[in-house]
Amino acid sequence: MSDNESLIPNASNRNSHIGKAKSGKWSFVIVGSVLMLHMFSYVLNMYVLNEYAYVTIMKEQYPNGMDEDTGNGTGCAVNTSTNAYKQQLKVQELQSRWSIYCTLASNIPSIFVNINIVSYSDVYGRKLFFLSPLLGTMLKSLLCSIGIYFKLTMNWFIPFFMVEGCSGLWIASLAMTLCFISDLTEGGKQRSFAIGVMETSFEVGSLLSSLLSGYLIKYTKGFLIPVLLSEIVTILGIVVILLLLPETLPLSKRRPATPIIHNMKKMTEFYTSNISSMANKWLFILAISIFILTDFSLGSTNVTMLYELGSPFCWSNVRVGIFGTVETLIGCVASILMIKLFHYCTTDQAIALIGSVTSALSLIWQGIAYTSFMLYSVPVIGVGSSLAMPMMRGTMSKLTPPNMQGSLFGSIAAVEAMVNMTGSVTANAVYGATVEVYRGIVFFVNAGYNIIAIILCLILIGKMNSSKEMSLKEVSS
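Residues numbered from 1 in each chain as written. Predicted model: local features only at pLDDT ≥ 70, side-chain atom pairs only at ≥ 80, totals over all residues. Heavy atoms only, no water.

A. How the structure looks around the environment of Lys-266. With respect to the helices and strands, Lys-266 occurs in helix α9 (residues 260-266). A sequence separation of 141 residues divides Lys-266 from Ser-407, and the C-alpha atoms of the two residues are 7.1 Å apart. When neighbours within four sequence positions are excluded, Lys-266 is seen to be in contact with Arg-255 and Ser-407. (Helix = DSSP H or I, 4+ residues; strand = E, 2+ residues; numbered from the N terminus. Contact = heavy atoms within 4.5 Å.)

See below:
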């Protein structure tokens, strides 16, 4: 059995119902565009609010200014023996705590929302549930722009994050995109590659926003206009959904509606029982564990920004944006090329293994970096860091019947929301606790997650090979 073949019988027929949506590439382009627009808005909002929080907290703590400043606008002190350096650490600790509160406020409600809205797309169709996360981001951007305009304290912004969390966040948008992809492709390498392409469009949105955020703050001389731009982009995404996005799941292929409790229970079936003789629960458990560990290792975005703004780097807002752009651009291009290239000679699970290895090495290097040049080489070393997650999504989707794709991606979305929350909270807590000891410890911790993922990848490869051998024996008999 090739890696293109599904372990679920007749799964290759799942795209027979999509009709006109399969006639061209426009469905992929539209879905990818919506995801890209949402991520542009979400990440732009994140970058701007993090830098707004840094400046606001600094002014709240030291209204007369810090003792010394390098002149880059971040209140960064290079000399570690000065009082200004201690003040800088205090500001970073306070912002880390604020980031934790915002993460909890947005991600706790999103866990329960994602469990249901993505799964119910198997019942009521995909298009309806694509609107929820964009509406939440639009409303949050509006509230944040009001908060910035009236110069509210940072504690006021925490409920704004909760509002967005109640809509499912970007996690729901990504999960709904993957449901569309499962409707439009066959299981195996075709779907894994399509998932990789969609996650790249996701990263392109991040790339553009990280590139523009610093310049927008600099040239608009503030934070209000960038947040308003974030809102406008989200509205554009909503218009695209309403006018152009096709429905890929017709009535004939939808599963019956079930109560919420039963629906939530259905999400656990992948990890508690065997959904087929070949797709046993241990394959799902291993795949989701690798996914979780990889996601955990990527949970230090806010910390990375603080790391760059602080000593010894003392980067400006623009430079932080440029670095984020370079890192994302390298990751986007490398992911597509590596997935396409490695699919000629190996499996999704082996590609995930390569990704985990490069991610671990890049995080270790980031932890020991002490010059800007060393930081710029981090994305080069971690060229395959983003491979593991799409490969694990593809692996689990390949093992899942057509009428359970929404439930699968709903369960992954719920897990991703939990990991997004705990990973960010853990990273900020570790950074806040160790910043005075050694600022790079948090990256060593995240590298440890990848080392465990490497071990699990090797186990998964062995078990997938065993499942294929069993399938071949059944076919031959």
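This is not the end of the story, as more comes after the structure.
B. Just the packing of helix α17 (residues 388-398) against helix α18 (residues 405-434), in detail. At a minimum axis separation of 10 Å, α17 and α18 run at an interaxial angle of 145°. For the crossing formed where α17 meets α18, the hand is right-handed. Counted together, Met-389, Arg-393, Met-396 and Ser-397 of α17 and Gln-405, Leu-408, Phe-409, Ile-412 and Glu-416 of α18 form the full contact between these two elements. Residue composition of the contact of α17 with α18, by class: 5 nonpolar, 2 polar and 2 charged. (Axes fitted to C-alpha atoms, helices over the stretch in contact; angles between N-to-C directions. Left-handed = near helix turned anticlockwise from the far one by under 90°. Nonpolar A, V, L, I, M, F, W, Y, C, P; charged D, E, K, R; others polar.)

C. Geometry of the nonpolar core. Ranked by size, the top nonpolar core spans 134 residues in total, and within it Trp-98, Phe-130 and Phe-157 carry the most contacts. Top element by residues in this core is helix α1 (residues 26-61). It accounts for 20 residues. The residues touching Trp-98, leaving out its near neighbours within four places in the chain, are Leu-49, Ala-53, Ile-57, Met-154, Phe-157, Ile-158 and Phe-161. (Core = buried A, V, L, I, M, F, W, Y, C linked by side-chain atoms within 4.5 Å. Buried < 20%, exposed > 50% of the residue type's maximum accessible area, 1.4 Å probe, protein only.)

D. Highlighting empty space enclosed by the protein. Summed over the entire model, instances satisfying the criterion amount to 2 cavities of 30 Å³ or more. Taken together, Phe-296, Gly-423, Thr-426, Ala-427, Val-430, Val-442, Val-445, Asn-446 and Tyr-449 make up the lining of the second largest cavity. Partitioned by chemical class, the residues of the lining of the second largest cavity number 6 nonpolar, 3 polar and no charged. (1 Å grid on protein atoms, 1.4 Å probe; cavity = no way out; pocket = protein on both sides within 12 Å on 5 of 7 lines; lining within 4 Å. Points joined across faces, edges and corners; volume = space filled by probe spheres on them.)

E. Representation of the environment of Val-415 in the model. Note that Val-415 resides in helix α18. Every residue in contact with Val-415, bar those within four places of it in the chain, is listed here: Ile-288 and Ile-292.

F. Geometry of helix α7 (residues 189-219). Its 31 residues place the ends of α7 45 Å apart at the C-alpha level, agreeing with the 45 Å of an ideal helix rising 1.5 Å per residue. Bending of α7 peaks at approximately 30° at the position of Leu-212. Backbone geometry just after α7 places Lys-221 at a positive phi near 55°. (Expected span 1.5 Å × (residues − 1). Bend = angle between axes of the 7 residues up to and from the residue.)

G. Examining a nonpolar patch on the surface more closely. Together, Leu-139, Leu-142, Ile-146, Tyr-149 and Phe-150 make up an exposed nonpolar region whose accessible area comes to about 500 Å². Summarising the element assignment, Leu-142 is placed in helix α4 (residues 127-149). Look at Leu-142 and you get partly exposed, because its relative accessible area is 34%. (Patch = residues over 30% accessible without salt bridge, like charges linked within 9 Å, V, L, I, M, F, W, Y side chains within 5 Å. Areas by Shrake-Rupley, 256 points an atom, 1.4 Å probe, with all protein chains shown as cover. Salt bridge = Lys/Arg side-chain N within 4 Å of Asp/Glu carboxyl O.)

H. View of the packing of aromatic side chains. Across all of its chains, the model carries 22 aromatic pairs by this definition. Between Phe-157 and Phe-160, the aromatic rings sit 5.6 Å apart at their centres with planes inclined by 70°, giving edge-to-face as the arrangement. You can see Phe-157 and its partner Phe-160 sitting in helix α5 (residues 157-165), 3 residues apart, about one turn around the helix. Of the residues examined, Phe-157 reaches a relative accessible area of 0% and is grouped as buried. Stacked on the ring of Phe-161, the Lys or Arg Lys-140 has its end atom at 4.0 Å from the ring centre. (Phe/Tyr/Trp six-rings, centres within 6.5 Å; stacked < 30°, edge-to-face > 60°. Lys NZ or Arg CZ within 6 Å of the ring centre and 35° of its normal.)

I. Geometry of the packing of α1 against helix α8 (residues 224-243). The interhelical angle for the contact between α1 and α8, taken along N-to-C directions, is 160°, at an axis separation of 9 Å. Classed by the angle they form, the pair α1 and α8 counts as roughly antiparallel. Crossing hand, α1 versus α8: left-handed. Contacts between α1 and α8 involve Ile-30, Val-34, Leu-37, Phe-40, Ser-41, Leu-44, Asn-45 and Val-48 from the former and Pro-226, Val-227, Leu-229, Ser-230, Glu-231, Val-233, Thr-234, Leu-236, Gly-237, Val-240 and Ile-241 from the latter. A per-class count over the contact of α1 with α8 returns 13 nonpolar, 5 polar and 1 charged. (Parallel < 35°, antiparallel > 145°, perpendicular 65-115°, else oblique.)

J. Geometry of the pattern of salt bridges. Counting across every chain of the model gives 6 salt bridges. For Asp-122, the salt bridge goes to Arg-255, with nearest N and O atoms at 3.9 Å. Of this pair, Asp-122 sits in helix α3 (residues 121-124) while Arg-255 sits in the loop between α8 and α9, and the two are 133 residues apart along the sequence. Exposure class is identical for Asp-122 and Arg-255. Each is buried. Across the salt bridge formed by Arg-393 and Glu-416, the nearest N and O atoms sit 3.2 Å from each other. You can see Arg-393 sitting in helix α17 and its partner Glu-416 sitting in helix α18, a full 23 residues away along the chain. The pair formed by Arg-393 and Glu-416 is uniform in burial state, with each residue classed as buried. In the salt-bridge network here, residues are joined through shared partners; they are Asp-122, Arg-126, Asp-183 and Arg-255.

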